[in-house]
Amino acid sequence: MLVLSLMAALAVQTAAPAPSSGAAATLLQPREVQLNLDGRNWNCGPAGQCVGRGGGTTQPLMRECRRFVSRAGLVSSFGRAGLSLTEAEVAECNATEIARTRRAVGA
C-alpha cells in the first residue's frame, strides 16, 4: 500500500529541472534538513526543495540518490550537474529505503 501511495505521489509531481552545477532534490515529505553527505552540503527548506552545494565525491547518480534518501527521506526528484533521474529511476532510488523501512516495521 505504501509503495502504491508513493508511486501515485511520484506521478503527480512535476519533474524538477536538473541543476547545471551542484545538486538538487525534492523531498516527498517536506521538512527542513541540513546535512553534509559525501562532501556535499545539503540544505532543504520547509517546502522540501533541497540544494546540494560543493563538489561531492565522484559516484554514480543513482548511488548518490540512494545515499541521500537514506539520510534525508524519499524524493520525488533528484539531479546533479545537468543530469536528472527519470521517474522510474527515482522510484528505484526510493525502493531500497522503502524495503528497509518495511523490514524494520515487520521485525
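Below you will find a few notes about this structure.

Considering the side chain of S77
Turning to step 1, where the next piece is worked out: In this fold, S77 is placed in strand β5 (residues 75-80).
Turning to step 2, where the next piece is worked out: Side-chain polar atoms of S77 contact the side chain of T26, separated by 3.0 Å.

Digging into the pairing of strand β3 (residues 40-44)
Turning to step 1, where the next piece is worked out: Alternating positions in β3 separate cleanly, R40, W42 and C44 being buried on one face and N41 and N43 remaining unburied on the opposite face.
Turning to step 2, where the next piece is worked out: As defined by bridge partners, strand β2 (residues 33-37) adjoins β3 across five bridges and the pair is classed as antiparallel. Residue pairing in the sheet places Q34 in a bridge with N43 of β3.
Turning to step 3, where the next piece is worked out: With antiparallel pairing between neighbouring strands as the criterion, β2 and β3 make up a hairpin whose turn holds two residues, including D38 at a positive phi of roughly 55 degrees.
Turning to step 4, where the next piece is worked out: In this sheet, strand β4 (residues 49-53) lies alongside β3 in antiparallel orientation, the contact comprising four bridges. Bridge assignment links C44 to a residue of β4, and that residue is C50.
Turning to step 5, where the next piece is worked out: Linkage of β3 to β4, two consecutive antiparallel strands, is achieved through a turn of four residues, within which G48 is found at a positive phi near 90 degrees.

What counts as what
Residues numbered from 1 in each chain as written. Predicted model: local features only at pLDDT ≥ 70, side-chain atom pairs only at ≥ 80, totals over all residues. Heavy atoms only, no water. Helix = DSSP H or I, 4+ residues; strand = E, 2+ residues; numbered from the N terminus. Polar contact = N/O pair within 3.5 Å; in protein donor to acceptor, adjacent residues only side chain to side chain. Buried < 20%, exposed > 50% of the residue type's maximum accessible area, 1.4 Å probe, protein only. Pairing = 2+ DSSP bridges.

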